[in-house]
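# A structural walkthrough
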Amino acid sequence: MTAVLPAAPATTGVGVWCCELELSGVDGLKAVVPARDEPRMRVLVRLHGEPLGYLTRPAGTTVDALVAAAWQAFGTAALTHLAVEGAAPALGERPAPATAACPNRVTEDEFVSVVVCTRDRAGQLGAALDRLAALTYPRLEIVIVDNAPSDDSTERLVTARAERDSRFRYVREPRPGLSAARNRGLIAAHGRYVAYTDDDVSVDPGWVHGLVRGFATRPDVACVTGLVCTASIGNASEAYFDARNSGWSGRVAARLYDRDTDGGPLYPYSAGIFGTGANVAFHRERTLAIGGFDEALGAGSPTRGGEDLDAFVRVLRAGHAIAYQPAAVVWHHHRADPASLLRQMYGYGTGLTAYLTKLALAPDTRRDLLRRVPAGLLRLARIRPDTHRRLDGVTAPRAALRREFAGYLAGPLLYLRARRAGGTR
């Protein structure tokens, strides 16, 4: 099923408290950002860690009332999940904890490397490390790639963490750019699977279990993406980013993609259909075989983005599959001020058209891409009305969409500049 995310609040600056409720057991609401004075809450309902969907309710709604509402909204999905375990719950009550037959359980045989690429953000990295330290997957290493640092603050932070937790490892990549850092992490990783997330993301303790579940979907899966929930909606900038990128957090149904998937007129080139680089894992050897990440794309390069979109398409074109598994949950901290939001939206624009320019220049994808241009233009035309509908009365930050479209115009030139500077895949 596809969850319909609740709209942001009509009162700018008040917001929605983003939290979660595990339907089983006796726990209450949990959140990565504490509640403030938000008038409403957005609740991700999960059963044994598996997302069922979202509820939006007034602040202060009791857990009992939320449980009753969850059964009403997601009862069929909950009963289907529990039937696999052979459980017979009392309808409307909280189910028992997961059993060994839970569909969200995975074998823990494979070693997994988690890679976080960061640059001069030691101040916020500490909170991300705390969440990474709480990961429950037992066979794990956590590689922090320090990308062209201006000082040793990140190295000191990670080294101190590694002294307490041997799963952590520090790696330096002197060449600036997210793709260079991702490639450095890919080479340094020891795991069969390499999971990537960002330093502005709070991972769920069961995140890696969800990614491993995705790889178990089918033997040809070379990439797994997961659910990227909004961590906080406290102002208009966060509300806009949430509305503009609702596809990140709105999908709670697993899906498999390959070259034969009927994904619509833009498939497989449509942005964001597979997921995002903030929550993704790759089969290490298969990703090395396709050349890793294109260093002409990505944050820190002239193009500012697009490296994840490019990697997804190259995985499919190599004959592999991509699994979207919502049980792999992370919480994304959106840009919280107008200036940061505008920079981010411009980067989304440049990254998208830079990636599309690469496809247009390649003989094996040019014709296929160009015949999809009319459908692509129609989709661009829907961005503004779709985003404003999801905002539901919140005033969008001035120039947000204009900056994104300015990025679209600049992306092709920036890609050519990046290619001349070195490296493409």
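Residues numbered from 1 in each chain as written. Predicted model: local features only at pLDDT ≥ 70, side-chain atom pairs only at ≥ 80, totals over all residues. Heavy atoms only, no water.

## A short note on the confidence of the model for the protein
Keep this limit in mind: For every residue, the predictor assigns a confidence score, pLDDT, that lies between 0 and 100. Throughout, a contact is declared for two residues whenever any of their heavy atoms are within 4.5 Å.
Residues of the protein with pLDDT of at least 70 account for 96%, and the chain-wide mean is 92. Counting interchain partners and residues more than four positions distant, the pLDDT-below-50 stretch residues 1–13 has 41 contacts.

## Topic: the packing of aromatic side chains
Put simply, the test is: Pairing of aromatic side chains here covers Phe, Tyr and the six-membered ring of Trp, requires ring centres within 6.5 Å, and sorts the geometry by plane angle: under 30 degrees stacked, over 60 edge-to-face, intermediate tilted. Helix and strand definitions here come from DSSP, where helices need a minimum of 4 consecutive H or I residues and strands a minimum of 2 consecutive E residues; each element is numbered from the N-terminal end. Only protein chains enter the accessibility calculation, which uses a 1.4 Å probe; a residue whose area is less than 20% of its type maximum is buried, one above 50% is exposed, and one in between is partly exposed.
Going through the model one piece at a time under the given rule, you end up with 11 aromatic pairs. Considering the side-chain rings of Phe274 and Phe312, the 5.8 Å spacing of their centres and the 65° angle between planes classify their relative orientation as edge-to-face. Placement of Phe274 in the loop between β10 (255–257) and β11 (279–283) and of Phe312 in helix α9 (residues 307–317) is noted, with a sequence separation of 38 residues between them. Take Phe274 and Phe312: they sit in the same class, and that class is buried. Put simply, the rings of Tyr257, Tyr267, Phe274 and Phe312 pair up and form one aromatic cluster.

## Considerations on the nonpolar core
We apply this condition: Each nonpolar core is a collection of buried residues, namely Ala, Val, Leu, Ile, Met, Phe, Trp, Tyr and Cys, held together in the definition by side-chain atoms within 4.5 Å.
Formed by 99 residues in total, the largest nonpolar core has its most connected members in Val114, Leu132, Trp207, Val208 and Phe282. If you tally residues by element for this core, the top one is strand β12 (residues 321–332), at eight residues. Beyond its immediate chain neighbours, meaning those up to four positions away, Phe282 contacts Arg192, Tyr193, Val194, Tyr196, Phe215, Ala222, Cys223, Thr287, Phe293, Ala311, Phe312 and Val315. Formed by 18 residues, the second largest nonpolar core is a distinct cluster that contains Trp17, Leu21, Leu23 and Leu55.

## What to know about the UniProt feature "domain: Glycosyltransferase 2-like" (unreviewed entry) in the protein
The condition that has to hold: UniProt positions are given in the numbering used here, feature names are shortened, and annotations may be inferred rather than shown by experiment.
In this numbering, the UniProt entry assigns the feature "domain: Glycosyltransferase 2-like" (unreviewed entry) to residues 113–239. Note that residues 113–239 is 38% helix and 30% strand, and that its end C-alpha atoms are spaced 33 Å apart.

## Considerations on the layout of surface pockets
Let me state the cut-off plainly: The definitions used throughout rest on a 1 Å grid laid over the protein atoms alone, on which a cavity is an enclosed set of points accommodating a 1.4 Å probe that cannot get out and a pocket is an open set flanked by protein within 12 Å on both sides along at least five of seven lines; lining residues are those having an atom within 4 Å of a point. Grid points are joined across faces, edges and corners, and a volume is the space filled by probe spheres set on the points. All amino acids are sorted into three groups, where Ala, Val, Leu, Ile, Met, Phe, Trp, Tyr, Cys and Pro are nonpolar, Asp, Glu, Lys and Arg are charged, and the leftover types, Gly among them, are polar.
Quantified by volume, the second largest pocket comes out at close to 670 Å³. Forming the walls of the second largest pocket are 27 residues, and the residues nearest its centre are Arg46, His48, Gly49, Asp204 and Gly206. Contributions of two or more residues to the lining of the second largest pocket are made by β1 (16–22) and α5 (207–215). Element by element, the count of residues in the lining of the second largest pocket is highest for β1, at three residues. Its residues placed into classes, the lining of the second largest pocket shows eight nonpolar, 10 polar and nine charged.

## Focus on the pairing of β12
We count it as follows: A strand pair is defined by DSSP finding two or more bridges across the two strands.
Burial analysis of β12 places 12 of its 12 residues in the buried class, which makes it a mostly covered element. The sheet contact formed by strand β9 (residues 221–230) and β12 spans eight bridges and is parallel. Pairing of Cys223 across the sheet is with Ile322, part of β12. Relative to β12, β10 runs antiparallel, the two being bridged by three bridges. In the strand pairing of β12, Tyr257 is matched with Ile322.

## A few points about the sheet that holds strand β3 (residues 50–58)
How we decide: Axis definition: a line fitted to C-alpha atoms, limited for helices to the stretch in contact. Angles are taken between N-to-C directions and run from 0 to 180 degrees.
The strand order across the open sheet built from three strands is β1-β2-β3, with neighbouring strands paired in mixed fashion. Across the chains shown, the open sheet's two edge strands, defined by having one partner strand only, are β1 and β3. Neighbour to neighbour, the strand axes of the sheet diverge by 25° on average, direction disregarded. By the bridge criterion, seven bridges tie β1 to strand β2 (residues 40–47) in an arrangement that is parallel. Bridge assignment links Glu22 to a residue of β2, and that residue is Arg46. In this fold helix α1 (residues 63–85) packs onto β1, β2 and β3, with an angle of close to 155° to the strand it touches most, β3.

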